[in-house]
Amino acid sequence: MRSGAITVRDVDAPETPRRSGVIVRNYASLISAGTEKMSVELARASLLEKAKSRPDDVKKVIAEIKQQGFWKTYNRIMNKLETPKAMGYSCAGEVIAVSEDVTDLKPGDRVACGGQGANHAEVVSVLKNLCVKIPDTVSFEDACYTTLGSIAMQGVRQAEVRFGEYVAVIGLGLVGQLTCAIAKAAGCVVIGIDLDDENVLLANSHNASFAFNRKAENLPETIKSLTHGFGIDSIIITAATHSNDPIEFSAQIARDRAKVVMVGVTKMDIPRDPFYLKELDFRFSRSYGPGRYERDYEEKGIDYPIGYVRWTERRNMQEFVRLLSEKKVDPSKITTHTLPIDQAQHAYDMIAGEHKERYLGIVLTYPESPKSESRILRSEILTSQVRQSARDPRIGFIGAGNFAQGFLLPTLKENAELVLVANESGSSSEDAKTKFGFKHSTTNPDEVISSSEVNTIFIATRHNLHAALIIKALEAGKNVFCEKPLTLNFEEASRVAQAYSQSSGGEPKLLVGFNRRFSPLVKKMKDFFGEPNAPKLIFYRVNAGPVKASDWTQDEEIGGGRIIGEVCHFIDTAAFLTGDSLPRSVVAKSLSSGRSDVIDQDNISITIEYDDGSVATILYIANGDKNLPKEELQVFSSGRTAIMKNFTELELWSGSGKPQLTSGQGKGHKEEIEAFTNAIKSGGPAPIPFDSILATTLVTFAIRESLSTGEVVRF
């Protein structure tokens, strides 16, 4: 995404289906020329052009520079831009494996797939609600059009067309041609409109009732004549253009109270007078249909009851396959190129305009017997006799995403040997391997844990996977670094504690990524109060800001919510300042929502009492001014006061009338990694006592309990 370079890579194939997942061996995939061309053009744009196209991201970058510094922010952004993006979202093939919760698909089924994971690759990992069976009478080359067909179908559904109505389709590219065919199959009189004569000819020959070049003379009058003087009942815009003409032209040809449906991407300056005088109904069509971008539907596989949602994205896909089987839609008429995957470079050169060659539907095909084994040498990794010292950290990394690549791996590669990395997709695993110097890559986390060449496991996956991976790694005798949180519930915490207790003498080591205690300013703050620790009053204000309810971290099953997933940071920091004294009681209050069944977890006040007599109050705020710096930490004890402002400034007050000032940057990610790897090298204890890690985790559960019951929770 930095240079726009297109490459065909040999990477590890996905092996284990995710929840509600399906592994498919592809036989054909369709390049969505419009969407994928826009992706390539954005990638090839300059940094300035990228910034202009995403002003909201620029604001976030400026805020990050203020907190993290220019070079840290710059390096993180460059790392993200240099991470390859797998292309494609519409394919067809044969099922290899399914997850336990998938009951309507099985290995050997012929299927069409769409959405996340349905890339241009020999083997893909997709979700069951974006995967539909195809009959033997439908070829893979035709079936790979199913996702784009469902986009076209949803546009037709949004138009609410009826038999015999007049439908205009503006933009006769891939989706436009399919829209014409679907509307015609529904019994409509379809009028196609485009600027390209060959697209017009194709629509006239196969998919539309009539088709015209937009520049044709007296076109509005011609269309009015075809519609007996009334105008078009529904206009579906499938064009991709910066022009406002599709909107303006729609108003010209529409009948009174017609519907205008936006499927494509155009300028949308809606002229008031024609839309008002005709009382036109302007609508959007969202992708493949209901369920799109909904986590419960797509990632968890929860279907919508047909009595309430007749046409979901999956049912749209199924209906398109039916039209294929009945020959009412014939994608072969719009396929201009069929190329093997190793010639994909040529295909993208075409859509990028580097080859002056006409194209419309570009289908990529795949060999019938792709590699079934990961490219890494399993025998070397799983059975080799490791000769290195047990105190040389040899890292297996699970989940090397944006956060890990931005904050963990740059320091880790300087302090340990990077052996094996596992990501869900083979392309991202290969990228992390190349970028940070891992010896091997894979898509199977179990390979990382079982490798005899690895003695330390790093886990930076989504939160719901933490507990199981920690337990497996501990049982395999590996040191473990896991990003926060430790677990999502008490049962998981109990199982992790049991697995840890069964390890001998503090080996292997376990650390959770509570990085703030390692920040130089927080460590200086603690040292300022000296030893032994006198009781402290701690006030930690966190201006966290709002998070979208749709964000995965807010999902109770996957992310655990903000208290478990983020507030744990501030609990650990408070515990560190008390010398890791254990909590005695917890009480939490939140803003009233006016409903007894809804608890605000975004705006809460938490008070924790510790065994050493300290008291910590954490004020976690989502409704404050976003311009206020995120974190401020104040500590009071023994006639001294320390105030840390957002990890950039520390004030130490000790009776002189003037504070000692220290500036800095960084929340301790670098120091955290160094402390953990040094502990392994020296054979010393883990940087955070396990009792403290477990106590912090249990406090997050206690906060939720206190919010629910209104009572103090005692330990």
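Refer to the structure presented above.
In this report, we go over the structure that sits alongside the text. Everything quoted here is computed from the prediction, not taken from an experiment. (Residues numbered from 1 in each chain as written. Predicted model: local features only at pLDDT ≥ 70, side-chain atom pairs only at ≥ 80, totals over all residues. Heavy atoms only, no water.)

1. Looking at the overall build of the protein
Right, so step 1: From N to C terminus, the protein includes 24 helices and 28 strands.
Right, so step 2: A globule of 715 residues ought to have a C-alpha radius of gyration of about 27 Å, and the protein, at 29 Å, matches this closely.
Right, so step 3: Taken across its 715 residues, the protein has 53% of its residues classed as buried.
Right, so step 4: Sequence separation of at least 24 residues holds for 69% of the intrachain contacts in the protein that already meet a minimum separation of 6.
Right, so step 5: Within the structure as shown, the protein displays about 31400 Å² of accessible surface, and the carbon and sulfur contribution to it stands at 52%. (Helix = DSSP H or I, 4+ residues; strand = E, 2+ residues; numbered from the N terminus. Rg over C-alpha atoms; globule rule 2.2 N^0.38 Å. Buried < 20%, exposed > 50% of the residue type's maximum accessible area, 1.4 Å probe, protein only. Contact = heavy atoms within 4.5 Å. Areas by Shrake-Rupley, 256 points an atom, 1.4 Å probe, with all protein chains shown as cover.)

2. What to know about the state of the cysteines
Two cysteines, two sulfur atoms, one covalent bond between them: this is a disulfide.
Right, so step 1: Counted by the stated rule, this structure contains 0 disulfides.
Right, so step 2: You can see C180 has no disulfide; the closest cysteine sulfur is in C188, sitting 11 Å from it.
Right, so step 3: On the accessibility criterion, C180 (0% relative accessible area) is buried.
Right, so step 4: Free cysteine C482: the closest other cysteine sulfur is in C568, separated by 11 Å. (Disulfide = S-S within 2.5 Å.)

3. Points about empty space enclosed by the protein
Right, so step 1: A full pass over the atoms with the stated rule returns 2 cavities of 30 Å³ or more.
Right, so step 2: Contributing to the lining of the largest cavity are I571, A575, D580, S581, L582, P583, Y610, S692, A695, T696 and V699.
Right, so step 3: Only helix 22 (562-577) and helix 24 (690-709) provide two or more residues apiece to the lining of the largest cavity.
Right, so step 4: At 4 residues, the largest contribution of residues to the lining of the largest cavity is made by helix 24.
Right, so step 5: Of the residues assigned to the lining of the largest cavity, the class counts are 7 nonpolar, 3 polar and 1 charged.
Right, so step 6: Lining the second largest cavity are Q177, L178, A181, N207, V329, D330, P331 and I334.
Right, so step 7: In terms of residue class, the lining of the second largest cavity is built from 5 nonpolar, 2 polar and 1 charged. (1 Å grid on protein atoms, 1.4 Å probe; cavity = no way out; pocket = protein on both sides within 12 Å on 5 of 7 lines; lining within 4 Å. Points joined across faces, edges and corners; volume = space filled by probe spheres on them. Nonpolar A, V, L, I, M, F, W, Y, C, P; charged D, E, K, R; others polar.)

4. Re the layout of surface pockets
Right, so step 1: The volume enclosed by the second largest pocket comes to roughly 420 Å³.
Right, so step 2: Taken together, 22 residues make up the lining of the second largest pocket; nearest its centre are K72, G406, F407, P410 and T411.
Right, so step 3: Broken down by secondary-structure element, the contributors of at least two residues to the lining of the second largest pocket are helix 3 (55-68), helix 4 (70-81), helix 16 (402-415), helix 17 (426-436) and helix 23 (669-682).
Right, so step 4: Sorting elements by how many residues they give to the lining of the second largest pocket places helix 16 first, with 6 residues.
Right, so step 5: Of the residues belonging to the lining of the second largest pocket, the class tally is 4 nonpolar, 10 polar and 8 charged.

5. Points about the environment of E100
Right, so step 1: Mapping E100 onto the fold places it in the loop between strand 2 (90-98) and strand 3 (110-114).
Right, so step 2: Residue classification places E100 among the exposed positions, given a relative accessible area of 85%.
Right, so step 3: Sequence spacing of E100 and R19 is 81 residues, and the spatial spacing of their C-alpha atoms is 7.9 Å.

6. Quick word on the environment of S605
Right, so step 1: Looking at where S605 falls in the secondary structure, it is placed in strand 22 (residues 604-610).
Right, so step 2: Looking at S605, the relative accessible area reads 28%, which means it is partly exposed.
Right, so step 3: On a C-alpha basis, the gap between S605 and D303 in space is 38 Å, while along the polypeptide they are 302 residues apart.
Right, so step 4: The residues touching S605, leaving out its near neighbours within four places in the chain, are V587, A588, K589, T617, I618 and L619.

7. Focus on helix 21 (residues 520-529)
Right, so step 1: Within the sequence span of helix 21, burial applies to L521, V522, M525, K526, F528 and F529. For helix 21, the arc enclosing every buried residue in end-on projection is 155 degrees, short of the 170-degree limit, so these residues lie on one face. (Arc of directions from axis to C-beta.)

8. Structural notes on the packing of aromatic side chains
Right, so step 1: For the structure shown, the criterion picks out 13 aromatic pairs.
Right, so step 2: Between F282 and F284 the ring centres are 5.4 Å apart and the planes differ by 90 degrees, which places this aromatic pair in the edge-to-face class.
Right, so step 3: Judged by its relative accessible area of 48%, F284 falls in the partly exposed class.
Right, so step 4: Note on F570 and Y620: the rings are 6.2 Å apart at their centroids and 40 degrees apart in plane angle, and the pair reads as tilted. Of this pair, F570 sits in helix 22 while Y620 sits in strand 23 (residues 615-621), and the two are 50 residues apart along the sequence.
Right, so step 5: Overall, the relative accessible area of 0% leaves F570 in the buried class.
Right, so step 6: Here the aromatic cluster, defined as three or more aromatic residues joined through ring pairs, consists of F397, F458, F481 and F676.
Right, so step 7: R310 extends its terminal NZ or CZ atom over the ring of W311, reaching a point 4.0 Å from the ring centre. (Phe/Tyr/Trp six-rings, centres within 6.5 Å; stacked < 30°, edge-to-face > 60°. Lys NZ or Arg CZ within 6 Å of the ring centre and 35° of its normal.)

9. Remarks on the pattern of salt bridges
Two side chains of opposite charge can pair, provided their charged atoms sit close to one another.
Right, so step 1: Under the defined criterion, the tally for this structure stands at 41 salt bridges.
Right, so step 2: Between E326 and R322 there is a salt bridge; the shortest N-O distance is 2.9 Å.
Right, so step 3: We classify R322 as partly exposed; its relative accessible area is 32%.
Right, so step 4: Put simply, E566 and K630 hold a salt bridge, and the shortest N to O gap is 2.7 Å. A residue pair is termed long-range when its members are at least 10 positions apart, and E566 in helix 22 and K630 in the loop between strand 23 and strand 24 (631-637) qualify at 64 residues.
Right, so step 5: With a relative accessible area of 17%, E566 lands in the buried category.
Right, so step 6: On the basis of relative accessible area, K630 is assigned to the partly exposed category, the value being 21%.
Right, so step 7: What emerges from the salt-bridge pattern is a single network uniting R19, R295, D296, K300, D555 and E557. (Salt bridge = Lys/Arg side-chain N within 4 Å of Asp/Glu carboxyl O.)

10. Some remarks on the sheet that holds strand 6 (residues 166-170)
Right, so step 1: Strand order in this open sheet of 6 strands is 8-7-6-9-10-11, and the pairing throughout is parallel. Two strands lie at the open edges of the sheet, namely strand 8 (210-213) and strand 11 (281-284), each paired on one side alone. Neighbour to neighbour, the strand axes of the sheet diverge by 20 degrees on average, direction disregarded.
Right, so step 2: As defined by bridge partners, strand 10 (residues 254-262) adjoins strand 11 across 4 bridges and the pair is classed as parallel. From the neighbouring strand, K259 faces strand 11, where its bridge partner is D281.
Right, so step 3: This element, helix 8 (residues 197-207), spans strand 7 (189-194) and strand 8 of the sheet and lies at about 170 degrees to strand 8.
Right, so step 4: Strands in contact with helix 10 (residues 245-253) are strand 6, strand 7, strand 9 (232-237), strand 10 and strand 11; relative to strand 10, the strand with the most contacts, it is inclined by about 150 degrees. (Pairing = 2+ DSSP bridges. Axes fitted to C-alpha atoms, helices over the stretch in contact; angles between N-to-C directions.)

Coordinates in, geometry out; function isn't part of it.
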